[in-house]
Amino acid sequence: MERLERQRIEREKWHQLEAKDLERRNEELEELYLLEECFPEAEKLKRDTRLLSQWNHYIQCDGSPDPSVSPEINTFISLWKEETNETLEEVIAKSKLVLNLIEKLRLLLLQTPSYDLEDKTIIQYRGSILELQELLHLKFNVATERLLRQASTLADLDSGNMEKVIQDENVTLYVWANLKKNPRYRSVRFSETQIRFEIPRILATSGIAIRLLHTHYDHATPLRPVSASLQGHTATVTHFVKDEVQKGEAEISKELQEEYKQQECESVSVCEEETKVEEQGDIEVQMSFVQEESEATKCKLEMKLLSEAVFAAQLLLIENANEKPCFCEDNEVDLCQFTTLGGVYHLDIFELPPQCKPMKGWMIVEILKEGLQKYIYPPESTEDFETENAFPPIEVTLEVQENVIFFEDPMVARWDAEGKHWQTDGISNVLYQSEERLITFSLETFGPVTLIQDTHINMPFQSWELRPLDVNKVLLTVTTVFTEIQIQIKENLCMLASVKVDNKKHSSTLEGRWMTPISLILALKETGLNIFPTGHSHFYVVINHKEPLVEIKAYRQLALLSSAFAFGWSKWNVECSSKKVIVKNVTP
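The rules behind each value
- Residues numbered from 1 in each chain as written.
- Predicted model: local features only at pLDDT ≥ 70, side-chain atom pairs only at ≥ 80, totals over all residues.
- Heavy atoms only, no water.
- Helix = DSSP H or I, 4+ residues; strand = E, 2+ residues; numbered from the N terminus.
- Buried < 20%, exposed > 50% of the residue type's maximum accessible area, 1.4 Å probe, protein only.
- Contact = heavy atoms within 4.5 Å.
- Areas by Shrake-Rupley, 256 points an atom, 1.4 Å probe, with all protein chains shown as cover.
- Patch = residues over 30% accessible without salt bridge, like charges linked within 9 Å, V, L, I, M, F, W, Y side chains within 5 Å.
- Salt bridge = Lys/Arg side-chain N within 4 Å of Asp/Glu carboxyl O.
- Lys, Arg positive; Asp, Glu negative; His and termini not counted.
- Charge placed at Lys NZ, Arg CZ, Asp CG, Glu CD.
- Pairing = 2+ DSSP bridges.
- Axes fitted to C-alpha atoms, helices over the stretch in contact; angles between N-to-C directions.
- Polar contact = N/O pair within 3.5 Å; in protein donor to acceptor, adjacent residues only side chain to side chain.

Colleague: In this structure, what is going on with the overall build of the protein? I would like to understand it.
Modeller: When its secondary structure is counted, the protein shows eleven helices and 21 strands. Relative to its full complement of 588 residues, the protein shows a buried share of 38%. Within the protein, contacts between residues separated by at least 24 positions form 67% of all contacts whose residues are at least 6 apart in sequence. Here the protein displays about 35600 Å² of accessible surface, and carbon together with sulfur accounts for 52% of that area.

Right, dumping it as C-alpha cells:
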C-alpha cells in the first residue's frame, strides 16, 4: 500500500510539473511569436534600403546610368557602340564603369527576393549583363586591332618585335607581334614578368600576334538560371496570402458600409437640429474609428503576406535539389562540383593586320573590312605540311593571381565555344609551382583557359562557433581541414575578420571591409574561401541531413538569440534523427 501511495504522489508531482512546463511553454511561444515579427520587419527595411539606393543614384547625377532602368542602360550601350576609335588604355578605363554596372545587376538579382522580382525584370537584367559582357570583349578586340596596326612603329630595337604590357586592377593585357619572323626566336617572354610561350617553328615564321588578356573576372561561364522551384513556391505563397488580404479588405469594406447605413438611418430619425449635429459628429468619429481599424487589419494581413513569403524563401534556400541540374559529358567540367578561380586567361593568336606606312608626313594604313582575324592553330587541314608534328602543343607559363588561395594543385580547363562549357581535354604536362605562383601547361589550341578547384574542398566543416560581441554584433568562426575563417556580423553587414591557412595567419585584401552578406559570399568564393554549400552540395559531400523545416527554424532561433548566447557545433547532432537539431549553448 505504501508503495502504491508513493507512486500516486510521484505521478501527481509529475503531472504538476508537466502542467507547469506546458504553461511556461505557452508563455514562451507567445514571446517567440512576438520576436519572429522582426523577420518581416527586417525584410521591409531591406526593401526601403533598395529603394533608397536607387534614389541616391538619382541624386548623385554623376553621368553613369542606372542599370536597373532599361532605357538608361540601353542608351549607354548604344552610345558606346558608336565609339570605334578607342585605345586599349581608354577601353580599360571605361571597363571599370562597365564592370561596376554588371556587378550592380548581379547583386540586384541575388539580393532581391524572388517574390519581389518579376520574370520580365529577371530577363531584362540578365540580358543587360550579357550585352555588356559581349560589348566589353568586342571593345578589347577592336582596340587590339588598332594597336597591332601600329606594331612596326612600336617595335623593340633589340628583337625587332613588338611587346606591350598593360596592367590594371581588373585586367592585365599582354600583346606580342612577330614582325621579324625569325625561326630561331621560339621563346616569347614578356619583360619583367614570368609570362612565357614556347611557340613552334611555323608560328615563329608567320606574321602573327599573340595576345593574353587576363581578366580578373569570369565572363565566359554562363549565368546560372534562376531556380524555377523557388519562384514557383514563393509565387504560390504570395498569391495565397494576397487572396487573404483581398478577402479581409472586402469584409472590412462591407462592415464599413453597413455601419454607415445604420448610423445614417439613426440620424434621419432624430428631429432636433442640435441632436442631429451631435449624432452626425458621432457618426464621423465612428467612421474614422472603423477606417483606422480597417487600415490596421490591412497592415496586419500585408505583414502576414510578407512573413509567409520570407519564410518560404528561407526554407527553399536550404532545401536540397532532387537531381543535378545537368549531365556532364566526358572531360566537361561540372560547375556544381568545381569553381573557376583567378579569372580567365584569354589566349589568342591573330593575323597581323596591314601596318602603318609614313608617306609625305601622313600615316597611311589599310583597314580590313573583316576586322581583326584569328590565326587558326592548328589549321583545319594539315595535308599541305610535310612533317606530322608540324603543329605541336604550345607550352604556356602563366602567373596565378595573388589574392586567390588554392588548397590543392589547381586543374586547368579550356573553354569550348561550341558547347558553351569548360572542359579539361587538349591540356597536358600541367606543373604548378605554389611558391612562385606559376602554372605551366601545354595547350593544343588557343582559347580562353581558367584554373578550377573543388567547390567543396572546405566541406564538411570540422567545427563552427557563433559568439556574441555586442548588441546585434556576433563573431562566426568556421574551422575546416585547411583553414579557419572568422566573420564579424553587425546588423545587416558582414566583415572578414581573419583567415588562417594551415594554422598560419593569412593576409587577405577582404579583411576589415564591411559589406552586405551576398557581396561577402561572392568575394570569398572568388578568392577560393568557399564555405557556402548549395542545393546540390549533397551530391558531392557527405552531409548530416536534417528536415528543412526543422533546420530553418533552428537557424531563425539562433539568429534571434545570438546577441545574448554563444552557440557551437555538437557531436551529438550527427547521432540524433533528421527531425532534431542539437547545438552547444553557452551564456557568456
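Colleague: In this structure, what is going on with a nonpolar patch on the surface? I would like to understand it.
Modeller: Judged by side-chain polarity, L52, W55, Y58 and I59 come together as a nonpolar surface patch covering roughly 470 Å² of accessible area. Along the polypeptide, I59 turns up in helix 2 (residues 38–60). For I59, a relative accessible area of 45% translates into the label partly exposed.

Colleague: I tried to follow a negative patch on the surface on my own but got confused; where do I start?
Modeller: A cluster of like negative charges, contributed by E23, E27, E30 and E31, occupies part of the molecular surface. Within the fold, E27 resides in helix 1 (residues 2–35).

Colleague: What exactly am I supposed to notice about the sheet that holds strand 4 (residues 196–198) here?
Modeller: Strand-to-strand pairing in sheets goes through backbone hydrogen bonds, with the strands running parallel or antiparallel. Strand order across the open sheet formed by five strands is 3-4-9-13-12, with antiparallel pairing between neighbours. Across the chains shown, the open sheet's two edge strands, defined by having one partner strand only, are strand 3 (187–189) and strand 12 (427–433). Strand-to-strand twist in this sheet, taken as the mean axis angle between neighbours without regard to direction, amounts to 10°. Across three bridges, the pairing between strand 3 and strand 4 is antiparallel. Of the residues in strand 4, the one forming a bridge with S187 is E198.

Colleague: Can you help me understand the environment of N170 in this one?
Modeller: Within the fold, N170 resides in the loop between strand 1 (162–167) and strand 2 (171–177). Considered as a pair, N170 and G343 are 173 residues apart in the sequence and their alpha carbons are 9.4 Å apart. Those residues in contact with N170 that lie beyond four places of it in its chain are K96, L99, H214, T215, H216 and Y217.

Colleague: I tried to follow the sheet that holds strand 10 (residues 411–416) on my own but got confused; where do I start?
Modeller: Strand order in the open sheet made by the seven strands is 1-2-5-6-14-10-11, with antiparallel pairing throughout. At either margin of the open sheet sits one strand with a lone partner, and together these are strand 1 and strand 11 (421–423). Averaged over neighbouring strand pairs, the angle between their axes works out to 20° when direction is ignored. Relative to strand 6 (residues 338–351), strand 5 (residues 208–215) is paired through eight bridges, and the arrangement is antiparallel. Its bridge partner being in strand 6, T215 is matched across the sheet by V344. The sheet contacts of helix 5 (residues 119–149) involve strand 1, strand 2, strand 5 and strand 6, and relative to strand 5 the element is tilted by about 145°.

Colleague: Help me understand the side chain of N178, please; the structure alone is not making it clear to me.
Modeller: With respect to the helices and strands, the residue N178 is situated in the loop between strand 2 and strand 3. Taking relative accessible area as the criterion, N178 reaches 2% and is therefore assigned buried. In terms of polar contacts, N178 uses its side chain to reach the backbone carbonyl oxygen of L203, at 3.2 Å.

Colleague: Sorry if this is basic, but what is going on with unusual backbone geometry here?
Modeller: With the exception of glycine, most residues fall at negative phi, and the peptide bonds are largely trans. In this model, Y377 is joined to P378 through a cis peptide bond whose omega is -10°. Along the polypeptide, P378 turns up in the loop between strand 8 (362–364) and strand 9 (394–399). P460 follows M459 through a cis peptide bond whose omega is -5°. Mapped onto the fold, P460 is located in the loop between strand 14 (448–454) and strand 15 (463–470). Here D502, not a glycine, exhibits a phi torsion of approximately 55°, which is positive. On the secondary structure map, D502 appears in the loop between strand 18 (493–501) and strand 19 (504–505). One non-glycine residue, N503, adopts positive backbone phi at about 65°. You can see N503 is positioned in the loop between strand 18 and strand 19.

The values are spatial; any link to function lies outside them.
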